[in-house]
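Observations on the three-dimensional arrangement
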Amino acid sequence: MSSEDGMNDDKWSFSKIPSANVFTPTLKEFSDPLKYISSIKDVARTTGIIKIIPPEGWAPPFAAKIDKFVFTPRVQKLNELEAKSRCHFQFMEGLAKFWHLQGVDVKIPNVEFKPLDVYSLHKIVQEFGGYDKCCREKKWSAVCKKLKFKDRSPANTVKQHYEKIIHPYVVFRHVHCGENIAVYDTNITPEVIKERMEKVEYKLNADDKKEVVYENLFCRVCNKGDRDDAMLLCDECDEPYHIFCLSPPLERIPNGEWRCPICLAKELENRSFGFEQAKKEYTLTQFGQMADNFKSRYFKQPASDVPIENVEEEFWRLVCCVDEDVAVEYGADLLSTDLDSGFPIPGNAKTDVEKEYAVDPWNLTKFADLEESVLKYIHEPISGVKIPWVYVGMVFSSFCWHVEDHWTYSINYQHWGEPKVWYGIPDSGAPDFEDIIKKEAPELFTREPSLMHQLVTTLSPKLLFEKGVPVYTLHQNPGDFIITFPRAYHAGFNSGFNFNEACNFATSDWIPLGRKCVDQYREFGRYNVFSHEELLMRMVDQQESLLLDTAQALAKDLRVAVDREIKERALIVGIKEEFVKMEDVPDEKRVCKVCNTTMFFSALTCTCHPEAMFCLQHFKSNSCDDKRVLQYRYTVEELRPIPGKVEARIPHMKQWTAAVQAIKTMRSKPSIEELERLCEEAVIYKYTNTEDYKDLRTVIDKASQCIKVTNQLVSIKRRSNRAHAPPPSFRISLEELDSFLKQVIELPCHVPDSSALQEHYIKIVEFTERCDRSLQKTMSKLHYEDLLKESRKFEIELPHTSTLKQEIKKLQWSEGVSELLKHPSVSFPDLQKALCDGANFPNTKSITELRDKVESKLMGGQRWEEKAQSVLNSRPRPTLSNLQKLLKEADKLGIVLPSAPAIKNTILRASEWCRILSDIKFEQSKGRYTSLKQLETVLMKGQLIPVNLPELNRLTDKVAAAKTWQDKSSKVFVRKGYTKLLEVLSPRGSLTTENRPLEECLRESTAKEFTDMRARRTANMLRTEQEERGVINEDDNVYCICRRGWNSPKGVDGAMTQCDLCYDWFHNKCVSISKNKDMKNSETMKDVKYLCPLCQRTKRPTVEQALGLLISLRQAGVSLPEGVALNFLIERAMEWQEKVRPLVNRYKGIYTATDKQSYVDQHISSKERTQIEELMIKGDLIELSMEETTTLWNLLNNVDECVVPEQKKKPASRPPSKPASPNGSAGSGSKRRKTPSDEKTKIRKKRKDRQSHNTDELCSFQTCLRPEGAQVGWIQCDKCEKWYHLECVSISHAEAEQIDDYTCPYHDTSPPAAAAAD
């Protein structure tokens, strides 16, 4: 396109387009939308569109559910929006379709090395008068020049291309589509056909075509059936045509499909004016992401950073450029009821803010039904008119030039997003705009006369501005309203992702414009959105609610409508008539078939086609003269008086309205009775729904309230003059009284008793002046109390009342503080309260002095408190003397301080703790020891006292040392089964101190221990003898620590061993005898002394080890019961050693004697043996390991060998020896493990020989499996005499029963048996 048609003028800027009117109403003006719009419409309509910026703080919440808002947008191709661009595309589309349906594939030729601009060539030829004129006047060179070719040489080439490609299409559209295009004479005469036949015949003969005969086919042009060889059949309708009868004629039969002129014309006319729907649905979030990404990619910067001026320049460049294909998507005309409105709706509002804006008059969901809107009389929910449409835009998405349906007002609100750019033309410029766009794109309006109502075509505002059309612009930001006025053309585009909502409304000034719009719709054949006549009659039905302006406009327009209807009916006479209630007939069924107007007053139809209806202006289109039927809603007699009825109301309404306006403007001040009379008239004449009536009712309500309040105030004044009058039911302040009097004066009616109220007000003012004078001086408290008493007579809240009360309180505070400071021990909170109360009084000299004294005393207390907290929280902790010093300072302040009781309590606790510690030391000095648990309790109490106690650290060290010593001693002495160290260090039996020295108790327990052990040995020996004789009682058959009999499961499965101290028997498995290495290595059990777990309670360290523990305890400086017991134990051991050593030396000759029996008989009597045995018992009872016990044991064994015959006994703790041979002697070959069938003597042997207990015997197998349980078997090798678990050498119990001689795996040289492989 040329630069003058496009947007290529770099010097031109869109900033030249003036801005439309912008209004910023106050909050009060904003409260009534239509009233405000009516007040500014005379100025606002001069720009066609206006912007209203709401007052600050007005911000409705966005109520649409973002994730559930799913819609399908439209696709807009920008280079098809502009009028000339659309003409270009439609021409090229039609040309290509024309040749394609003719069976010809046309390609655009190149001229001077560039494609030929076919559309420009067509336009230039038309400007020069058409093809025929260009040929006659030889204008092809001029055509080439205008096409900007370098020279005139391609003139013939251009002419040939025009003849071949464009001219047939132009002729076809002129002949078959009725377009007024300049072409040559297309009248087809017989001579023309004959001439064409000759040319075609020549060509057919030249091409050697075979003649094809068609029967009963006649050309639809010449009606002849000859020349079948030149006959064509349409591939759509099968109609025949000669190729030379066509206009333009064809030279030959085309290849491929072919359409006749009629079918081709229908195909070419089948074009849609509008936008395609996108193939994808979006949520708001998805559409926003797509929109922002597109804008960022297009401008190569973040979407929010692109200046709106750049977007505007680029938008119009793309719109006017045919060669660039840019498509965007626009969510336009989305019905808010199907998706969601951005405004809160009463039924869905949840929060208080949503509920507030759900009923706001600027909420577009209810805007069309506002009081002054004419559209409220339309009850149907018309989408886009009464029901808002929502718009979701992206960059470059646009709305083309258009006016609103029925030329109504429109209001558009932007909820959020990037700005929307608007262009507007006022109604005064609408005719010029329509003329210009028709001249710029006449082809479009030829094919679609109502194109301007389809929002699909636009023109650059630059072009309109340069042609003198008044065009204005606005930028709509979030929160802005855009108002378009009747018949104001507007267009625009979005600069980015945004969300808008819009609807229509109409005021009384629109009514005559609405009729003109319907007349224009009739001219263009456009469908009506609603019936204008039906709207007028609905307003007539509710005329009592009409305002004066609306009634006047209605009467005037109704007169025009009724007069036109009566005149049109007068032209139709003599036909059948029938009544039809038109409002019950759907709109789409009462539309004129000619002009598409929705009818209401009447309609013309016929009995043969009752569904076909015509308006009275097109009654001639119905040819059924005899069968016509006039359907009417009102008869002429009913219609004629209707305008008069509305007009009749107007004079009285004017008079009544004038009276109300006079009252509202304060031009007169009637009584309230006169106001009531006007209201009664409004009820009679049905003005109750008007705004004036509502305003009048408001004035009456205010006046009634004022009269009521005035009467109450006057009655209060009169009652206050009487003595003992009851208090009033309410009080008002002086400001409220002043405001009320102003309200009474401003009230547009007279209020009785208002003068008496004014006199009362003057007295009050005089009293306040007197109070001011008194308050400026320093008066006594009594004087202020008298003034306060006098103020109560006025029965209102005076500002001086609080001042007088304040002065009285100030004087009372001064007296109270003086008394407080004299008190010897004032509380801390009282000082704080006094200082806090004093802060409310002004700074006078006396008040300041008292405040300073209180503050000084309070600050002293606060400093002491801070010091006290610092001392209490200090690290290291304060000493007791520091706390006592701090408490003395508190006593000097004369204040009851919060921290003082805590410090006193701390001092008492510390003193008490020191006393307890002294008592403990005293008791220890007397030999009465305190337990470690008690020491720990004392230590914990001392740690909780926030005082630095010197003895606390020493006590802590001692307790720690005692615990360490206890742990160390426990590891040395305590063995498994015992937990308390004192228990194992003390003699056996219960130890009861009974407040006696522990050492004394230990001596008594030692004597008792020996006596008890002798008794126990005797009893066990007797039970053993009885058992051997077989006379033991079953109740006495209880042994071992498991307290089971010899033949119990444990006794059967293992041997038993006798303790050498208590003589009780113990199962080897219960006491783990087999683990004792001494027993395992000894030949006989008599070589080893065994003490049971009940007799040997400790690990029996040496005397030297015990002495080391005792010395470490004394070094720790701690006295413990365990230490006393250990000392006593060591003393026992040393005393015993002193007794044993001389005895051993006396009888040491027994070891060297040749005849031990003779030596025993000569030197050791029975009494002496008993003495040796008693020493042995006492030594075994001492829980220390002493060498003398072994020496004494050996001595006693040698003596016993001489006294008792030697018996070769097998150790009971070992597995049983070889079974007896058949003759009773012990066999030497069998190593069989004992079984339940063995004799009692094989299972358990009575032993008088002593042995010490140890751990389980070890299996000699290198990789012992360590089997567990009660059925573990053993076997002995006959070569190495070592013992092995049956499981370790893979021998079962049954196999062991059959083995006589066994050789272990380490001495067996024979090959293994087959069974061993298992």
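Parameters and conventions
- Residues numbered from 1 in each chain as written.
- Predicted model: local features only at pLDDT ≥ 70, side-chain atom pairs only at ≥ 80, totals over all residues.
- Heavy atoms only, no water.
- Salt bridge = Lys/Arg side-chain N within 4 Å of Asp/Glu carboxyl O.
- Helix = DSSP H or I, 4+ residues; strand = E, 2+ residues; numbered from the N terminus.
- Buried < 20%, exposed > 50% of the residue type's maximum accessible area, 1.4 Å probe, protein only.
- Pairing = 2+ DSSP bridges.
- Contact = heavy atoms within 4.5 Å.
- Axes fitted to C-alpha atoms, helices over the stretch in contact; angles between N-to-C directions.
- Polar contact = N/O pair within 3.5 Å; in protein donor to acceptor, adjacent residues only side chain to side chain.
- 1 Å grid on protein atoms, 1.4 Å probe; cavity = no way out; pocket = protein on both sides within 12 Å on 5 of 7 lines; lining within 4 Å.
- Points joined across faces, edges and corners; volume = space filled by probe spheres on them.
- Nonpolar A, V, L, I, M, F, W, Y, C, P; charged D, E, K, R; others polar.
- Phe/Tyr/Trp six-rings, centres within 6.5 Å; stacked < 30°, edge-to-face > 60°.
- Lys NZ or Arg CZ within 6 Å of the ring centre and 35° of its normal.
- Expected span 1.5 Å × (residues − 1).
- Arc of directions from axis to C-beta.
- Core = buried A, V, L, I, M, F, W, Y, C linked by side-chain atoms within 4.5 Å.

It is worth spelling out the pattern of salt bridges at this point. By the definition in use, this model includes 47 salt bridges. Where Arg1169 meets Glu1173, a salt bridge forms, and the shortest distance between an N and an O atom there is 2.8 Å. Taken as a pair, Arg1169 and Glu1173 lie in helix α41 (residues 1166-1181) at a separation of four residues, close to a single helical turn. By relative accessible area, which is 19% here, Arg1169 ends up buried. The exposure class assigned to Glu1173 is buried, which follows from its relative accessible area of 17%.

We now examine the sheet that holds strand β1 (residues 21-23). Across the sheet, nine strands lie side by side as β1-β2-β17-β14-β19-β12-β11-β4-β9; this open sheet has mixed pairing. Sheet topology places β1 and β9 (276-277) at the edges, where each strand pairs with a single neighbour. Inspection of the sheet shows strand β14 (residues 409-417) paired to strand β17 (residues 481-484) by four bridges, in the antiparallel sense. Bridging from a neighbouring strand, Asn412 pairs with Ile482 of β17. Against the sheet, helix α2 (residues 33-44) engages β1, β2 (49-52), β14, β17 and β19 (498-505), with an angle of about 150° to β1. The strands touched by helix α10 (residues 284-299) within the sheet are β11 (327-335), β12 (389-393), β14 and β19, with β11 carrying the most contacts at an inclination of about 150°.

Here the focus is the sheet that holds strand β15 (residues 420-425). If you trace the four strands from one edge of the open sheet to the other, you get β13-β18-β15-β16, paired in antiparallel fashion. Two strands bound the open sheet, and with one partner strand each, they are β13 (398-402) and β16 (472-476). Neighbour to neighbour, the strand axes of the sheet diverge by 15° on average, direction disregarded. Each of β13, β15 and β18 (489-494) is contacted by helix α13 (residues 430-440), which is oriented at about 65° to β18, the strand it contacts most.

Looking at Glu1173, its side chain comes within polar contact range of the side chain of Arg1017, at 2.6 Å. Leaving out residues up to four positions away in the same chain, Glu1173 has contacts with Arg1017, Tyr1063 and Leu1196.

Enumeration according to the criterion identifies eight cavities of 30 Å³ or more in this entry. Quantified by volume, the largest cavity comes out at close to 230 Å³. Along the wall of the largest cavity there are 20 residues; nearest its centre are Arg522, Glu533, Glu565, Glu568 and Thr597. Looking at the lining of the largest cavity, the elements with two or more residues in it are α16 (511-524), α17 (532-541) and α18 (548-570). Looking at the lining of the largest cavity, its residues break down into six nonpolar, seven polar and seven charged.

To continue, consider the packing of aromatic side chains. Overall, the coordinates contain 43 aromatic pairs when judged by the stated rule. The lysine or arginine in question, Arg526, covers the ring of Tyr521, its NZ or CZ lying 4.5 Å from the ring centre. One residue, Arg1017, lies across the ring of Tyr1063, its end atom 4.2 Å from the ring centre.

Attention shifts here to α2. Its 12 residues give α2 an end-to-end C-alpha distance of only 14 Å, which falls more than 12% under 16 Å, the value for a rise of 1.5 Å per residue. What α2 keeps buried is the set Pro33, Leu34, Tyr36, Ile37, Ile40, Lys41 and Ala44. Along the long axis of α2, the arc covered by the buried residues comes to 145°, so they all point the same way. Exposed side chains of α2 directed beyond 90 degrees from the buried face belong to Lys35, Ser39 and Asp42.

Turning to the nonpolar core, a few remarks are in order. Counting residues in each nonpolar core, the largest one holds 155 residues, and the members touching the most others are Ile52, Phe367, Phe396 and Trp401. The contacts of Phe367, once residues within four sequence positions are left out, are Pro33, Leu34, Ile37, Pro361, Trp362, Ser373, Ile411, Cys503 and Phe505.

Of all eight residues in β19, eight are buried, a share of seventy percent or more. Burial along β19 is two-sided: Asn498, Asn500, Ala502 and Asn504 facing one way and Phe499, Glu501, Cys503 and Phe505 facing the other are all buried. Note that β14 and β19 share eight bridges and pair antiparallel. What sits directly across from Ile411, in β19, is Cys503.

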